[in-house]
Amino acid sequence: MRQDIVAVCRAIAAFTEEPGYTTRTFLSPPMHDVHALLRERMLRAGMSVSVDAAGNLRGVYGGRTARRLLIGSHLDTVPRAGAFDGILGVVMGVALVESLRGRRLSYGIEVIGFSEEEGVRFGAPFLGSRALVGTLDDELLAKCDGSGCSVREAIEQFGLDAARLGEAVMSSDVIGYLEVHIEQGPVLESLDCPLGVVEAIAGQSRYLLRWEGKANHAGTTPMALRRDALTAASRWVVRVEEVARELEGLVATVGQLEVEPNAGNVIPGLVRASLDVRHAGDAVRETALRRILEEARRIAGQCGITVSWEQRLEQRAVPMDVRLTELLAEAVPGAPRLMSGAGHDAMIVAQRAPVAMLFLRSPGGISHHPDEAVQEEDVEAAYQACRRFLEVLDV
Ligand code: HGY
Ligand code: MN
Ligand code: MN
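Basis of the calculations
Residues numbered from 1 in each chain as written. Chains lettered and ligands numbered in written order. Predicted model: local features only at pLDDT ≥ 70, side-chain atom pairs only at ≥ 80, totals over all residues. Heavy atoms only, no water. Donors = N, O, S within 2.8 Å, 3.2 Å for Na, K, Ca; no water. Helix = DSSP H or I, 4+ residues; strand = E, 2+ residues; numbered from the N terminus. Buried < 20%, exposed > 50% of the residue type's maximum accessible area, 1.4 Å probe, protein only. Axes fitted to C-alpha atoms, helices over the stretch in contact; angles between N-to-C directions. Parallel < 35°, antiparallel > 145°, perpendicular 65-115°, else oblique. Left-handed = near helix turned anticlockwise from the far one by under 90°. Contact = heavy atoms within 4.5 Å. Nonpolar A, V, L, I, M, F, W, Y, C, P; charged D, E, K, R; others polar. Core = buried A, V, L, I, M, F, W, Y, C linked by side-chain atoms within 4.5 Å. Near = heavy atom within 4 Å. Polar contact = N/O pair within 3.5 Å; in protein donor to acceptor, adjacent residues only side chain to side chain. Areas by Shrake-Rupley, 256 points an atom, 1.4 Å probe, with all protein chains shown as cover. Salt bridge = Lys/Arg side-chain N within 4 Å of Asp/Glu carboxyl O. Pairing = 2+ DSSP bridges. Phe/Tyr/Trp six-rings, centres within 6.5 Å; stacked < 30°, edge-to-face > 60°. Lys NZ or Arg CZ within 6 Å of the ring centre and 35° of its normal.

(A) Spotlight on the coordination of the manganese ion (ligand 2). On the protein side, the manganese ion (ligand 2) has Asp 85 (OD), Glu 118 (OE) and His 368 (NE2) as donor atoms, found 2.0 to 2.2 Å from it. Between the two metals, the manganese ion (ligand 2) and the manganese ion (ligand 3), the spacing is 3.5 Å, and Asp 85 donates to both. Separated by 250 residues along the polypeptide, Glu 118 in the loop between β4 (108-114) and α4 (127-133) and His 368 in the loop between β16 (355-360) and α12 (376-393) bring together distant segments of the chain. When its relative accessible area of 9% is taken as the criterion, Glu 118 is described as buried. Overall, the relative accessible area of 41% leaves His 368 in the partly exposed class.

Following this line, the structure appears as structure tokens:
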């Protein structure tokens with residue numbers, strides 16, 4: 001597998017909801033194709049394979065004891081994604097098991113392809129890894145996508161039984177979780193390093209804001225009599241950027257903007273806007289979030305608009321497990337340590353097991369974009385580092 005890790009990732013990228021792009025959200029039909037391709041390779045590597053009630057693909061390779069190392073990442077993507085975000089970590093896991101060629105370590109390995117990490121379809125991220133740690137609760141199962149389909153219904157439509165979610169919870173003898181992931185940023189490239197060891201993952205706050213004005217005729221309504229939801233929301237979007245620029249290390253993004261009724265000759269009456277705020281320090285992120293929401297309230301008042309919001313995610317920053325990370329660092333001599341601005345399933349798995357992450361250089365620092373890439377030699381370096389890591393753990 002190792003010589004074609006990149007090729008397998010690119011083959012999986014072709015399984016999409018959107019021809020010509022890589023778009024694969026929670027348990028959409030192309031996920032069956034992803035499972036079929038990986039199942040065949042997992043079986044060939046000597047693994048038992050199943051899909052749990054949350055749609056996580058689970059490949060288990062036995063060891064000499066019941067102890068188990070988890071290696072995984074996510075198989076879903078953002079819209080018009082690249083080929084490596086998430087998928088690389090799963091394909092790498094299968095390649096590492098294949099490299100054992102039937103040799104049994106003192107521990108088993110479970111490779112997990114999480115069904116959903118990005119939060120695109122239902123606005124709630126980490127559905128797959130939440131099932132692994134037992135927190136995919138009824139409230140989350142009741143969340144609906146744009147078509148009114150709930151998480152629970154999506155599970156049933158995929159051919160799974162939500163009543164069996166309890167069986168998806170990870171076993172108690174897990175010794176740790178390793179996630180191999182592209183950095184998705186410019187740091188390793190700027191240091192000219194192929195690999196990096198993650199120290200912590202930034203916390204993130206995700207909200208959906210609702211700006212409500214009054215739709216009206218674009219030709220007959222004088223400017224002074226308008227309650228234009230889009231101009232109010234737009235003033236706020238600029239302030240989001242200004243507040244973020246004032247705080248070192250803070251990032252804030254309005255990535256989604258839905259306008260209703262979205263017609264050129266109608267004053268926008270309603271705008272839904274997403275908000276994504278992240279920082280390594282929880283106190284800084286929370287302060288920035290408060291300021292940004294206060295700005296929304298102030299601008300809405302000035303414009304005669306009402307604004308409300310719902311929290312989509314409040315995720316504290318998560319440090320990697322010190323001991324497991326030191327063992328990983330031993331396997332990657334000289335690799336820099338870095339913070340992850342992107343969220344990862346490791347944030348969730350950390351609730352129940354020690355976690356460590358290995359980053360690969362992102363050429364151009366590009367991700368969540370079709371130009372996302374990896375360098376073959378960096379994938380080989382990561383593969384060799386992970387093989388050394390498996391040996392270090394084999395005591
Ligand atoms: O958005 C993120 O942080 C990650 O790519 N899910
Ligand atoms: Mn992502
Ligand atoms: Mn990812």
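(B) Just the packing of helix α8 (residues 229-246) against helix α9 (residues 282-303), in detail. Interaxial distance between α8 and α9 falls to 9 Å at its minimum, and their mutual angle equals 150 degrees. In this view, α8 runs roughly antiparallel relative to α9, as classed from their interaxial angle. The chirality of how α8 crosses α9 is right-handed. Here Ala 232, Arg 235, Trp 236, Arg 239, Val 240, Val 243 and Glu 246 of α8 lie close against α9, whose contacting residues are Arg 291, Ile 292, Glu 295, Ala 296, Arg 298, Ile 299, Gln 302 and Cys 303. For the contact of α8 with α9, the class distribution of residues is 8 nonpolar, 1 polar and 6 charged.

(C) Main features of the coordination of the manganese ion (ligand 3). Those protein atoms acting as donors to the manganese ion (ligand 3) are His 74 (NE2), Asp 85 (OD) and His 181 (NE2), and they sit at 2.1 to 2.3 Å. Mapping the donors of the manganese ion (ligand 3) onto the primary sequence yields the spacing H-x10-D-x95-H. Here His 74 falls in the buried class, since its relative accessible area comes to 0%.

(D) Seen up close, unusual backbone geometry. The amide bond that connects Glu 260 to the next residue, Pro 261, takes the cis arrangement and shows omega of 0 degrees. When you line up the elements, Pro 261 lands in the loop between β10 (257-260) and β11 (266-267). At Phe 126, a residue that is not glycine, the phi angle is positive and equals roughly 65 degrees. Relative to the helices and strands, Phe 126 is located in the loop between β4 and α4. The backbone of Asp 192 sits at a positive phi, close to 55 degrees, despite the residue not being glycine.

(E) Structural context of the nonpolar core. Within the largest apolar cluster, 79 residues are counted, with the highest numbers of intra-cluster contacts made by Ile 5, Leu 38, Ile 109, Val 332 and Leu 358. No other element matches helix α3 (residues 87-99), which puts 9 residues into this core. Sequence-distant contacts of Leu 358, defined by excluding residues within four places in its chain, comprise Glu 179, Val 180, His 181, Leu 195, Gly 196, Leu 328, Val 332, Ala 382, Ala 385 and Cys 386. In terms of nonpolar packing, the next biggest core, distinct from the first, is built from 27 residues, Val 240, Ala 252, Leu 289 and Ile 299 among them.

(F) Quick look at the site of ligand 1. Neighbouring ligand 1 are Glu 117, Glu 118, Gln 204, Arg 206, Arg 278, Ala 342, Gly 343 and His 368. A distance of 3.4 Å separates an oxygen atom of ligand 1 from a polar atom in the side chain of Arg 206. Here ligand 1, which alone exposes 210 Å², has 93% of that area covered by the protein.

(G) Quick peek at the pattern of salt bridges. One pass over the full model with this rule turns up 31 salt bridges. As a salt-bridge pair, Arg 80 and Glu 18 come within 2.5 Å of each other at their nearest N and O atoms. On the criterion of sequence distance, the pair formed by Arg 80 in the loop between β3 (68-74) and α3 and Glu 18 in the loop between α1 (5-13) and α2 (30-44) is long-range, its members being 62 residues apart. When salt bridges with common partners are traced through the structure, they connect Asp 282, Arg 285, Glu 286, Glu 314 and Arg 316 into a single cluster.

(H) Layout of the pairing of strand β1 (residues 48-51). Bridge analysis of β1 against strand β2 (residues 57-61) gives 4 bridges, and the strand direction is antiparallel. Bridged to Ser 50 within β2 is Arg 58. Connecting β1 to the antiparallel partner β2 that follows it, the hairpin turn spans 5 residues, and Gly 55 within it adopts a positive phi of roughly 85 degrees.

(I) Here's a closer look at the packing of α2 against α3. In the contact formed by α2 and α3, the axes pass within 9 Å of each other and the chain directions differ by 20 degrees. Judged on the interaxial angle alone, α3 and α2 are roughly parallel. The two elements α2 and α3 meet at a crossing, and its hand is left-handed. On α3, the residues touching Leu 38, Arg 41 and Met 42 of α2 are Val 90, Val 91, Val 94 and Glu 98.

(J) Region of the structure containing the packing of aromatic side chains. Counted according to the given criterion, the structure contains 3 aromatic pairs. Each ring, one from Phe 26 and one from Phe 122, has its centre 5.8 Å from the other, and the planes form 80 degrees; the classification is edge-to-face. Highlighted residues: Phe 26 in the loop between α1 and α2 and Phe 122 in the loop between β4 and α4, separated in sequence by 96 residues. In this pair, the class of Phe 26 matches that of Phe 122, namely buried. When the ring centre of Tyr 21 is taken as reference, the NZ or CZ atom of Arg 80 above it lies at 3.8 Å. Here Arg 104 stacks its cationic end above the ring of Tyr 61, 4.2 Å away from the centre of that ring.

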